[in-house]
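One letter stands for each residue in the lines below.
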Number of protein chains: 2
Amino acid sequence: MSTVDKQLEDVKATIDDEVPRHISVSDVTYEGPELVIYTRDPKEFAADGDLVRRLASKLRKRITVRPDPDVLTPPTRAEQAIRDLIPEEAGVTDLDFYEDTGEVVIQAQKPGVVIGRHGATLRDVTREVGWTPEVVRTPPIESSTVDNVRNFLKQEREDRRDILERVGRQIHRDPMSDDEYVRITTLGCCREVGRAAFILSTPDTRILIDCGDKPGAEGETPYLRIPEAFGAGANGIDAVVLTHAHLDHSALVPLLYEYGYDGPIYCTEPTRDLMGLLTLDYLDVAAKEGRSPPYGSEMVREAIKHTIPLEYGDVTDIAPDIKLTLHNAGHILGSSICHFHVGDGLYNVAFSGDIHYDDTRLFDGAVNDFPRVETLVLESTYGGKNDYQTDQDDSERKLKQIVQNAYDRDGKVLIPAFAVGRSQELMLVLEEAMREGDIPEMPIYLDGMIWEATAIHTTYPEYLRDSLRDRIFDADDNPFLADQFHHIEGGDDERADVADGDSCIVLSTSGMVTGGPIMSWLEHLGPDPDSTLTFVGYQASGTLGRRIQRGRDEIPINGDGNGRSDTVSLDMNVETVDGFSGHADRQGLENFVRTMNPRPEKILCVHGDESATQDLSSSLYHDMNLRTFAPQNLETFRFR
Amino acid sequence: MSTVDKQLEDVKATIDDEVPRHISVSDVTYEGPELVIYTRDPKEFAADGDLVRRLASKLRKRITVRPDPDVLTPPTRAEQAIRDLIPEEAGVTDLDFYEDTGEVVIQAQKPGVVIGRHGATLRDVTREVGWTPEVVRTPPIESSTVDNVRNFLKQEREDRRDILERVGRQIHRDPMSDDEYVRITTLGCCREVGRAAFILSTPDTRILIDCGDKPGAEGETPYLRIPEAFGAGANGIDAVVLTHAHLDHSALVPLLYEYGYDGPIYCTEPTRDLMGLLTLDYLDVAAKEGRSPPYGSEMVREAIKHTIPLEYGDVTDIAPDIKLTLHNAGHILGSSICHFHVGDGLYNVAFSGDIHYDDTRLFDGAVNDFPRVETLVLESTYGGKNDYQTDQDDSERKLKQIVQNAYDRDGKVLIPAFAVGRSQELMLVLEEAMREGDIPEMPIYLDGMIWEATAIHTTYPEYLRDSLRDRIFDADDNPFLADQFHHIEGGDDERADVADGDSCIVLSTSGMVTGGPIMSWLEHLGPDPDSTLTFVGYQASGTLGRRIQRGRDEIPINGDGNGRSDTVSLDMNVETVDGFSGHADRQGLENFVRTMNPRPEKILCVHGDESATQDLSSSLYHDMNLRTFAPQNLETFRFR
């Protein structure tokens, strides 16, 4: 008998002891990090509201209870019973029954109403029909990404069960080694911005954190081929953890499946969906630019199929000796600081991913309160000694002035923006400014994936700030549905029309002017001296965005669609409004560390230009007396 | 056609161009780092004394010329011709003909006479009989190790040819990667003494430098299972380089073959033979102590079969992007500083192994003059701020005083010593002292492998100091053959007799009192207050030697040979004479770096207790303004 099976026998014995005689337990299995208990008496299980909590605390595992397939009410009869139980105002839009797991997925406009007070309605459902309900929100703005992901996962349910069972057995295997150590190997994003990737390793386990591309330097991918990463075989890696969906963190995650990896990805649910959206677009852009994409779209589906979504604050076993907890990072939807607890109290490491320290219109500021952290791996995008940004009030004033000036000249404002994050923040700023009469009403065109990314935001309002969440659920007050927002769907003809028309604002991807529809907009608007190109986010070294900021006044274009290369002169005004960055500025980074609880012992300053990481490292050392480092790529640090 | 075959075609074309028409070239192959040219005209090849040199310089490879088997004089006839050609005083003891390679191995007491002026006699041999002569020295003291190694290699010649051809193809393959980097990963001997092991890696190549055990801590082996080492598969390693034969550097080298490694080991010839001697003894000691040895003796044979011996100063390709050169380290017979030249001028790293900076009776001091070195990995055994040793003159005076005092009390002097290195140094000191009348004549008993190790020293006199070399070849003056030396061959009965007898000196292994015959000697002599236990070498933390130095006065013994554990009280005097160490002291280490040419940019201080490595690192940084580190095990440093 394998050690996992042996361990599972022990777990079953404990469950048999704890569960009252009149409730049957027909099977116990692992599914990913969860322990699943099958029972022929789901109603009785549900009736004892405290039983699952007691078992979870006793076994120190996350527990799901499922009805034995024999005792389920047939779906047609169950559907009627469920619709009767759930109040009308919940707005149930869909019910899906899965006989293999005994789950019914209820899609509703108001999931809270479906759940009921402390889960009372859900317990009623189980008691009545035997099925285990799972509730998901009907997006208030239809998102094809969310639809596609949900449909795909529905269709791949059986495969997914196999994956989860395999992952579960991996997680709950016995540790093999008597050694103890904790190491971090840097595979990318050290002394540079882009290609984020780290290995966290112990004698038993290797975790890959992020796997991104490098904007403006296509060839420079993370060092995945070294033996510490995939050189030792793709399944030397136990798990992938994704801090957030931006491509410099996620673009090469699907590539791992091309390499033969078949393990799990842990991230938040919105990160999963946004990763799907952004990586498919990444392939699309590569194809359009005549580059051969590093993987096919089926690898994106593999990645989604292997994703195990976690919520902020859930402490989850992801390996025999590692527990992962995600915390809000304040950067984009679903962005996480990833906290790893290694061994039984041995060591704690937090990877910041990208963070925003202060609250924004969209998100609460990054969490910096942890049970324990000895080492922090900290982004340093704005870690340079002069990287202080104006605060958002001033930035908003400046942006409004830019809009007003362009309007006064009959010009337009073109804003390159990441589809995810900065675009929605700007939408909220501009919508409010027009509503309050600070700037004239004019159309705001959203190009690239901005519309779709906005729809995904409205699907996961629990990841947004409270006040915004409430507005989203009032259709009349949903700021993202304001009249001035227009989704560019007509391609280049529509862009040409808009460019020939009246004053307006255009938000378009890519955020660093490395491709995508922003290139067309520059072709149309570049020569117009009355219009203004406005940067609102970080422009990495090597990107066209950075070069324009530095004074470049010619833009390469493919004018006739036949691949003929040409240039257009850039006569637009060029402005930078720096308070909208999704990144903490130098002050924010220092505040994050200064107010961090507990104070870490060591900090690795990564994800910033060489001077930024070294400045930040040296300041944190001198001002706060911490051991700090500005690693290079391909180094390994040992902590225990 | 593989890239290696393609490259070999180019090499053949160059050779055809260079070699005059009247000399045929029948085949060209790689054998390890050498390029072998077969010719039907070996006499003409030999006649043009400059041709091989011209080819070597043109092709930038080491070249060996062999006769095509068809043109060889039959061995019986050839033997007579060779014996006629070589002067009588050469003392030829053996001739072996190898038809597969056309080589004849000539074993002689005076190899120089066989070789003749600038190789004239050897060229005569080839011209006369076609065979390619190789000359080896007949050991002046018979060594069973040397005999066994030579016989074994003779017997395994065909296997060895296959190995060399495979290694040759590996070395001369084309580099695969466009990346450039140079990294060192620490697998052991960081902030500790013992289990030396490092990985030097580039995108194309991984070299393992040393693979030792840790005296006094059996379980603590180098971290071979991590992916950077053997975790990625045993043949992820391209080559093993061995600095010297002491077990804390060599003990686990044969284990690599148990793990499936089948690549080459580079070291000097005496290091190969001493490794054979010491690792077989290591297995023997483990068995006697009831521990299960980590590998069988057949793995020692594998290691010997895979060894490619190099001489000091030979620049040798060991991978497509790495050249290795060994330099005298002054520590023990054949000990080397290993210098790696990476890429085409990209980077240079030297691993000191263990070094002795000053000249000793046996060896010249360590070489510290290199074409280029950017990073030095430096031993720090005596790197602590108080680790200054008395100089050898004072130490010799002190040792002689100890001997005199013991003699005056009718006591004995027991010296635990490494079989290899310190024992021979002490033999020279004691022999001289008795010859010159500084101490009374008395027997000196050599126990453990000291006699055999001494025989190996006399086999390779070119690794010893000039003056000593000359004495060894004069049988009447060979200090190691002096009358007072007695080889203990009669086991414990003989030891008991010696212990009951008159004053004498005993040199016995192991040098750190971790096992071996020294344990019996302690049992016999431990209770004798008139005798003196004298430490002359470094005692690592955790060893019984260290504990006795610190005042421990009870010794565990297995008195009745039935495994019954018991103790004996230690009433002997305990003395330490520290000037005989094979290691540079703190002053020697500083002098080594201060006078090093060129001065390195970075130094990793390894192979010393935590405080020693940190003291040395911090002093070298402050005094010489170098970037210094005191790494932990399991870290990776990137240099380019």
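Because the structure is a prediction, the values reported are computed rather than measured.

Draft legend 1. Expanded view of the overall build of chain A. Scanning chain A from terminus to terminus reveals 22 helices and 28 strands. Taken over C-alpha atoms, the radius of gyration comes to 25 Å for chain A, in line with the 26 Å a tight globule of 640 residues would show. Its C-alpha atoms put chain A at 80 × 55 × 45 Å along the principal axes. A burial count over chain A gives 60% of its 640 residues as buried. For chain A, the share of sequence-separated contacts (at least 6 apart) that also reach a separation of at least 24 residues comes to 72%. Approximately 24700 Å² of chain A is accessible, and the part contributed by carbon and sulfur atoms is 42%. Computed over 65 positive and 115 negative side-chain charges, the separation of the two mean positions in chain A equals 6 Å.

Draft legend 2. How the structure looks around helix α18 (residues 491-500) of chain A. Residue and element names in this part refer to chain A. Restricting attention to buried positions, one finds in α18 the residues Arg495, Val498 and Ala499. For α18, the angular spread of buried residues about the axis comes to 100 degrees, placing them on one side. What points out from α18, more than 90 degrees from its buried face, is the exposed set Asp493, Asp497 and Asp500. Turning to α18, the residues buried within the fold contact β19 (444-446), β21 (505-508) and α19 (518-525).

Draft legend 3. The sheet that holds strand β27 (residues 627-629) of chain A, seen in detail. Residues and elements named next belong to chain A. Reading across from one edge, β13-β14-β15-β16-β17-β26-β27 is the order of the 7 strands in this open sheet, with mixed pairing throughout. At either margin of the open sheet sits one strand with a lone partner, and together these are β13 (316-319) and β27. For this sheet, the mean angle separating the axes of adjacent strands, direction not counted, is 25 degrees. In terms of strand pairing, strand β17 (residues 375-379) meets strand β26 (residues 602-606) through 5 bridges, oriented parallel. Note that in β26 the partner of Leu378 across the bridge is Cys605. Taken strand by strand, helix α22 (residues 610-624) contacts β17, β26 and β27, and its axis lies near 160 degrees from that of β26.

Draft legend 4. Structural context of the UniProt feature "binding site: Zn(2+) 2" (unreviewed entry) in chain A. Residues and elements named next belong to chain A. Per the UniProt record, the feature "binding site: Zn(2+) 2" (unreviewed entry) sits at Asp248, His249, Asp354 and His607. Spanning 360 residues, the named residues nonetheless gather at one spot, since no C-alpha pair among them exceeds 10.4 Å. Topologically, Asp354 is positioned in the loop between β16 (347-351) and β17. With a relative accessible area of 2%, Asp354 lands in the buried category. Discounting residues that sit within four places of it in the chain, Asp354 has contacts with His244, His249, Ala329, His331, Glu379, His583 and His607. Here the side chain of Asp354 touches His331 through a polar contact of 3.5 Å, side chain to side chain. Following the sequence through the fold, His607 ends up in the loop between β26 and α22. Look at His607 and you get buried, because its relative accessible area is 3%. His607 has contacts with Cys189, Glu192, Val193, Asp248, His249, Asp354, Glu379, Ser380, Thr381, His583 and Thr613, leaving out every residue within four places of it along the chain.

Draft legend 5. Spatial organisation of the UniProt feature "binding site: Zn(2+) 1" (unreviewed entry) in chain A. Residues and elements named next belong to chain A. Sequence positions flagged by UniProt for "binding site: Zn(2+) 1" (unreviewed entry) are, in local numbering, His244, His246, His331 and Asp354. Across 111 residues, the annotated set stays spatially compact, with a maximum C-alpha separation of 10.1 Å. Among the secondary structure elements, His244 is positioned in the loop between β10 (239-241) and α10 (247-250). Excluding residues that lie within four positions of it along the chain, His244 makes contacts with Asp210, His249, Ser250, Thr271, His331, Ile332, Ser335 and Asp354. A distance of 3.0 Å separates the side chain of His244 from the side chain of Thr243, its partner in a polar contact.

Draft legend 6. Here's a closer look at the interface of chain B and chain A. Facing 17 residues of chain B, the contacting portion of chain A comprises 17 residues. Of all residues in chain B, Arg183, Leu634 and Arg638 of chain B give up the largest surface area on contact with chain A, accounting jointly for 35% of the area buried on that side. One can count 2 salt bridges joining chain B with chain A. For Glu228 of chain B, the salt bridge goes to Arg183 of chain A, with nearest N and O atoms at 2.9 Å. Connecting chain B to chain A are 11 residue pairs in polar contact (both at pLDDT 80 or more). Sorting the residues of the side of chain B that touches chain A by element identifies α9 (227-231) and β28 (636-638) of chain B as the ones contributing at least two each. Tallied by class, residues from the side of chain B that touches chain A come to 7 nonpolar, 4 polar and 6 charged.

Draft legend 7. Quick look at the side chain of Asp248 of chain A. Residue and element names in this part refer to chain A. In this structure, Asp248 sits in helix α10. This buried residue, Asp248, is left without a salt bridge; Lys214 holds the nearest opposite charge, at 11 Å. Only 3.4 Å separates the side chain of Asp248 from the side chain of His607, close enough to count as a polar contact. Leaving out residues up to four positions away in the same chain, Asp248 has contacts with Val193, Gly194, Arg195, Ala196, Gly212, Asp213, Pro215 and His607.

Draft legend 8. The arrangement of the pairing of β26 of chain A in detail. All names here are of chain A. β26 sits mainly inside the fold: 5 of its 5 residues count as buried. Taking every second residue as pointing to the same face, both faces of β26 are buried, with Lys602, Leu604 and Val606 on one and Ile603 and Cys605 on the other. Pairing geometry for β26 and β27, over 3 bridges, is parallel. Within β27, the residue paired with Leu604 across the bridge is Phe629.

Draft legend 9. Molecular detail of the sheet that holds strand β5 (residues 103-108) of chain B. All names here are of chain B. A sheet is described by the order of its strands in space; here 3 strands give the open sequence β4-β5-β6, paired in mixed fashion. Bordering the open sheet on either side are β4 (92-98) and β6 (132-137), each of which pairs with just one other strand. In this sheet, neighbouring strand axes are inclined to one another by 20 degrees on average, regardless of whether the strands run parallel or antiparallel. Bridge count for β4 against β5 is 6 bridges, and the pairing is antiparallel. When the sheet's bridge partners are listed, Asp96 is paired in β5 with Val105.

Draft legend 10. Focus on unusual backbone geometry. Cis geometry marks the peptide bond from Thr509 of chain B to Ser510 of chain B, where omega comes out at 0 degrees. Assignment of secondary structure puts Ser510 of chain B in the loop between β21 (505-508) and α19 (518-525). Looking along the chain, the bond that leaves Asn597 of chain B and enters Pro598 of chain B is cis, with omega of -5 degrees. Relative to the elements of secondary structure, Pro598 of chain B occurs in the loop between α21 (586-594) and β26 (602-606). One non-glycine residue with positive phi stands out, namely Arg60 of chain A, at about 55 degrees. As for its position among the elements, Arg60 of chain A is in the loop between α3 (51-59) and β3 (62-67). Of note, the phi angle at His607 of chain A is positive, near 55 degrees, even though the residue is not glycine.

Draft legend 11. Quick peek at helix α21 (residues 586-594) of chain A. Listed in full, the buried residues belonging to α21 of chain A are Arg586, Gly588, Leu589, Glu590, Phe592 and Val593 of chain A. On its buried face, α21 of chain A sits against β15 (336-342), β17, β26 and α22 of chain A.

Draft legend 12. The pattern of salt bridges, seen in detail. Tallied over the full model, the rule gives 94 salt bridges over all chains. Glu462 of chain B serves as the salt-bridge partner of Arg137 of chain B, at 3.6 Å between the closest nitrogen and oxygen. Separated by 325 residues along the polypeptide, Arg137 of chain B in strand β6 and Glu462 of chain B in the loop between α16 (450-459) and α17 (466-472) bring together distant segments of the chain. Judged by its relative accessible area of 43%, Glu462 of chain B is partly exposed. Residues joined by salt bridges that share partners form a network here, namely Glu156, Asp159, Glu302 and Lys305 of chain A.

Draft legend 13. Just the relation of the copies chain B and chain A, in detail. Aligned on chain A, chain B shows an RMSD of 0.1 Å; the corresponding rotation is 180 degrees and the shift along the axis is 0.0 Å. What the rotation and shift describe, once combined, is the action of a two-fold rotation axis. A share of 100% of interface residues in chain B that are also interface residues in chain A marks the association as one of identical surfaces.

Draft legend 14. View of the packing of aromatic side chains. Residues and elements named next belong to chain A. Throughout the structure, instances matching the rule amount to 28 aromatic pairs over all chains. Between the aromatic rings of Phe198 and Phe351, the centroid separation amounts to 5.4 Å while the plane-to-plane angle is 50 degrees, which identifies the pairing as tilted. Note that Phe198 is positioned in strand β8 (residues 197-201) and Phe351 in strand β16, a separation of 153 residues in sequence. For Phe351, a relative accessible area of 1% puts it in the buried group. Taken together, the aromatic side chains of Phe230, Tyr257, Tyr259 and Tyr261 make up a single cluster linked through ring pairs.

Draft legend 15. Representation of the pairing of strand β9 (residues 206-209) of chain B within the structure. All names here are of chain B. Side chains of β9 alternate between two faces, with Arg206 and Leu208 and Ile207 and Ile209 buried alike. Pairing analysis gives 4 bridges linking strand β8 (residues 197-201) to β9, with the strands arranged antiparallel. By the bridge assignment, Leu200 is partnered in β9 with Ile207.

Draft legend 16. Structural context of the packing of helix α7 (residues 144-155) of chain B against helix α13 (residues 297-305) of chain B. All names here are of chain B. Contact geometry for α7 and α13: axes closest at 10 Å, N-to-C directions at 75 degrees. The angle between α7 and α13 falls in the class roughly perpendicular. Seen from α7, the contacting residues are Val149, Phe152 and Leu153; seen from α13, they are Arg301, Ile304 and Lys305. Looking at the contact of α7 with α13 residue by residue, the classes come out as 4 nonpolar, no polar and 2 charged.

What counts, and where the lines are drawn
- Residues numbered from 1 in each chain as written.
- Chains lettered and ligands numbered in written order.
- Predicted model: local features only at pLDDT ≥ 70, side-chain atom pairs only at ≥ 80, totals over all residues.
- Heavy atoms only, no water.
- Helix = DSSP H or I, 4+ residues; strand = E, 2+ residues; numbered from the N terminus.
- Rg over C-alpha atoms; globule rule 2.2 N^0.38 Å.
- Buried < 20%, exposed > 50% of the residue type's maximum accessible area, 1.4 Å probe, protein only.
- Contact = heavy atoms within 4.5 Å.
- Areas by Shrake-Rupley, 256 points an atom, 1.4 Å probe, with all protein chains shown as cover.
- Lys, Arg positive; Asp, Glu negative; His and termini not counted.
- Charge placed at Lys NZ, Arg CZ, Asp CG, Glu CD.
- Arc of directions from axis to C-beta.
- Pairing = 2+ DSSP bridges.
- Axes fitted to C-alpha atoms, helices over the stretch in contact; angles between N-to-C directions.
- UniProt positions renumbered as here; feature names shortened; annotations may be inferred.
- Polar contact = N/O pair within 3.5 Å; in protein donor to acceptor, adjacent residues only side chain to side chain.
- Buried area = accessible area lost by both parts, 1.4 Å probe.
- Salt bridge = Lys/Arg side-chain N within 4 Å of Asp/Glu carboxyl O.
- Nonpolar A, V, L, I, M, F, W, Y, C, P; charged D, E, K, R; others polar.
- Least-squares fit on C-alpha atoms with pLDDT ≥ 70 in both.
- Phe/Tyr/Trp six-rings, centres within 6.5 Å; stacked < 30°, edge-to-face > 60°.
- Parallel < 35°, antiparallel > 145°, perpendicular 65-115°, else oblique.

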